[in-house]
Amino acid sequence: MEDDHESMGDACPQLLNLIPNEKVREKRIGGLDAAEEKKLELTLGLPGGVGEEEEPSVLSSCIFSKVSKTSSRRVVLGSEQQEAGLFQLQSRGGYGTEWPHKTTWNCEIFDEQQSLEKEKALGDTENEAGSNTSFQTRASAGVAVVGWPPIRAFRKNLASSSVKQSVELQNGNIDEKVKVASCKKGLLIKINMDGIPIGRKVDLNACGSYKKLSFAVEYLFLDLLRAQKETSTNDLRMDEEAKQAFKSLLDGSGEYTLVYEDNEGDRMLVGDVPWDMFVSSVKRLRVLKSSDLSSLHDWEARKEQQLSVEYGGEGLAN
Amino acid sequence: MDRAFSWVAAFPDEVWEHTFSFLPTDADRNAVALVCRSWHRIERLSRRKIFVGNCYAVEPAAAVRRFPEVRAATIKGKPHFADFNLTITDWGGGAGRWIQSMAKGWPLLEELRLKRMVVSDDCLEIAARSFKNFRVLSLASCEGFSTAGLASVAANCRNLKALDLHENEVEENCINWISHFPESFTSLVTLNIACLDGEMNVSILERLISRCPNLKTLRLNHVTPLEKLVGLLHRAPQLVDLGIGMLIGEGHPGLFSKLESAFAHLKHLKNLSGIWEAGPLYLPAIYSICEGLTALHLCDSSIQTPELSKVVSRCKNLQQLWAMDLIEDDGLIAVASSCKLLRELRIFPSDPHGLAQPVYLTQYGLLAVSSGCVMLESVLYFCRQMTNSALLAIANNCPNLTCFRLCIIEPYTPDYITQEPLDAGFGAIVELCKDLRRLSISGLLTDRVFKTIGASANRLEMLSVAFAGDTDAGLHYILSGCKKLRKLEIRDCPFGDKALLDNADKLEAMRSLWMSSCSVTLGACRLLAKKMPRLNVEVIDENGGGSLESWPDDCHVEKLYIYRTIAGPRTDAPPFVLTV
């Protein structure tokens, strides 16, 4: 495998060899030896990437002939554009020229997100319905746009466990598997804020960290809080007041504090335990006025819990 | 009786009733009911199944009164976008009023299927006690109940055949609810508890399974240790549909062969679903049943494509494949060459927020399947890149598509080679696939695509649009075309007042329209509501409710839900949902 990589400094020579080789072409359909793997491994490289002009005809003829085997009627690729698209089939392996393309592309997106994040911290951009910028703004806040991509919470549960798995090592370790299984929970968590009758749901896996969670809470409730606050003469000041409310959600020094109810029914301050542990045990979130936050004695917590069920309770039994 | 319809009397009612029983769809029966009074009467007295697509379209009591002999009811509540959290919590969709009316008017009800409704434990208890012949309870995407409610169903429904819980949010407060099935209870045919999170007492489950010889469908929930699964499978070799929950490997030697032989005993197995966390080494245990499978819904997180391809290549009779995008293009190429009977393909994103490394699933995978699987009719595909030419090729390959849902994860993504909008590609889909009934579009799209859809999608019944279009014309094309459109859901598009008002009549011919984050103003909603008394125009005002009268006409409406109804404005709307 290693040798192949090296000899495939650029993809062309190897691919040219494949045309007369009937046997190798056959295997392309399902089998996966090194050569096919390279051909079929696609990159998300931008078009116009490093000139491999010779490739298109080679690859396209391979694919066309495969198609004609199965059914003459079937059209797989019928246009110039598609041939150009084929030239995106480039070898992976870390040595080809397109690999940097892929990583740069990813990096660009991340950088963009970070700089947008900074912008957001400084001055808010208003949400414009349906415009590109609004999506970017929301995405850059590190918060998933509500309801996008359109998959159900159950699907997201699976997604989280698969992401973890691909990152962790494959071994038969029970503990790891159990950890993965427990990560399935706690994705869309209900969150309520003191003084605001509407509850929200926050996607913890899309947050990934306490900082982003804090950001998400602000994003979810800022508009509602603005509407609730008594307006001063200055709209801008009201904005500032509202935003101020969300500063220091996690350290208890701000106007509001973020608490959560864990799987044992206890009310805890958010931020005390490592993120993963938090995600696996959290059941419900609440944004409390810091002045209301008494010390977490059991009976106090139970009382608050009862109140929240009667008062703010999601009202499902209607 | 009117002379023109005297021929009706030529046959006694029973003959007409028997004739009507052959009518396949509710639409046909509805048409029959309009012919004359006698037929109306005969039809309504003989209708056994009722489908209510929008629970607010009609008063429960009225429905029960009109069709007194119903045995099977299907009712749907919240709009589809509620699945993705776009409605607010407490939006509505409560099943209580329906269950109360049904309990009074349909005591012989046998089957109840609810989707996207809020069902309380009380509802379940009332249902369990009121319907003596209750056979089928199916709850999909519902919420509001707990395992205590399930316990009362188990205890009271002596002849229950099917308990089908599909993706519900269930509060788990009664651990051994399954022990409430009495020892004399043996009628179970379907048990789907995949959505329950809690621990299950496996020995109680085993006993239940052992005494139900007709059990055909068993879908377990997610904590099933391998050993226990083996035990359960041995007790039910007649299973046709198996959901393995989440299969976790435990590394004991010898377990593999036990698992393999357990699966080998399932000679009738056609559907396999679940989450495979056991790793690739255990996967060959299912090779023996692959040939018989017609549906595979395996969400794997730990299996790479080569192993998955080996499974898929053995599934020569597969008709339905649901998988994660970890199957990658290679896996789909394997599908294309092995699964020639494939009708439905659904590929879900393993990493919807792009946090991990990208997965090699592109338009080529779908293209390969469209090329190799001649019978493909239904597609749901999440990916990150697409081209117009691929879509054109797919349309050419599969003119029989009835459902095409493509979600390119990043909004506004153009054809990644030409950087053009994907208008031409989706246009090809609607023009060449004449039977298309359901379509979801994504990527960079202009008004042009809507023009094509409006003009060509003559059988389209449901359309989902997000982050698309340039102007109001887009919406106008859809509403003025698409003759059979029933449900339209739109988010984040620059569609506004004019198209809505110009096509007000169309809205009454449809079941519902959802628009969020578009450019609709309150004034237009008011005009629309005034013009169309049989539409409910509901506006979700998240900023604190209060009276609508005070808001100005040019106020922007963030979320709008319009549906036709003969029941008038609904009475159970929370304060933030205002009927204009």
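(A) Spatial organisation of the confidence of the model for chain A. Residue and element names in this part refer to chain A. On average, residues of chain A score 54 in pLDDT, and 29% of them reach the 70 mark or higher. Confidence scores differ between elements of chain A, with helix 10 (residues 174-183) showing the lowest mean pLDDT of 35 and strand 3 (residues 256-262) the highest of 85. Low pLDDT, under 50, characterises residues 1-134; the predicted model gives this stretch 169 contacts beyond four residues in sequence or across chains.

(B) Expanded view of the pattern of salt bridges. All names here are of chain B. One pass over the full model with this rule turns up 27 salt bridges over all chains. A salt bridge links R211 to E183, with the shortest nitrogen-to-oxygen separation between them at 3.8 Å. Pair noted here: R211 is in the loop between helix 8 (202-210) and strand 9 (217-219) and E183 is in the loop between strand 7 (169-171) and strand 8 (190-192), with a separation of 28 residues, a long-range link. Residue classification places R211 among the buried positions, given a relative accessible area of 15%. You can call E183 exposed: its relative accessible area is 57%. Residues R491 and D492 are paired through a salt bridge, measuring 2.8 Å at the closest nitrogen-oxygen approach. As far as the burial class goes, R491 and D492 line up, both buried.

(C) Spotlight on the pairing of strand 2 (residues 72-76) of chain B. All names here are of chain B. By the criterion of burial, strand 2 is predominantly enclosed, with four of the five residues buried. As paired strands, strand 1 (residues 49-52) and strand 2 are joined by four bridges and run parallel to one another. Of the residues in strand 2, the one forming a bridge with F51 is T74. In this view, the connection linking strand 1 to its parallel neighbour strand 2 by way of helix 4 (residues 60-66) has right-handed handedness. In this region the chain leaves strand 2, passes through helix 5 (residues 96-105) and returns to the parallel neighbour strand 3 (residues 111-115); the handedness of that crossover is right-handed.

(D) Structural context of unusual backbone geometry. Cis geometry marks the peptide bond from W148 of chain A to P149 of chain A; its omega dihedral reads -10 degrees. Looking at the element boundaries, P149 of chain A is found in the loop between helix 8 (132-140) and helix 9 (153-167).

(E) Quick look at the environment of L218 of chain B. Residue and element names in this part refer to chain B. Note that L218 resides in strand 9. Along the primary structure L218 and L191 are separated by 27 residues, whereas in three dimensions their C-alpha atoms are 5.0 Å apart. Ignoring any residue separated from it by four or fewer positions in sequence, one finds L218 in contact with L191, I209, L239, D241, L242 and G243.

Conventions adopted
In this convention, every chain numbers its residues from 1, walking through the sequence in written order. All chains are assigned letters beginning at A, and all ligands numbers beginning at 1, according to the order in which they are written. Two thresholds apply to this predicted model, a pLDDT of at least 70 for residue-level local features and 80 or more for giving and counting side-chain atom pairs, whereas whole-chain, interface and lining totals are computed over all residues. Computation of side-chain values: all heavy atoms of the structure, hydrogens and water removed. The score called pLDDT rates the predictor's confidence residue by residue, from a low of 0 to a high of 100. Helical segments are the DSSP runs of H or I of at least four residues, strand segments are the runs of E of at least two, and each set is numbered from the N terminus. Residue contacts are counted whenever heavy atoms from the two residues lie within 4.5 Å of one another. Salt bridges are counted wherever a side-chain nitrogen of Lys or Arg sits within 4 Å of a carboxyl oxygen of Asp or Glu. The buried label goes to any residue with under 20% of its type's maximum accessible area, the exposed label to any with over 50%, and the partly exposed label to all in between, with areas taken from a 1.4 Å probe on protein chains only. At least two bridges found by DSSP between two strands is the condition for calling them paired. If you view a crossover with the strands going away from you and the path from the first strand over the helix to the second runs clockwise, you call it right-handed.

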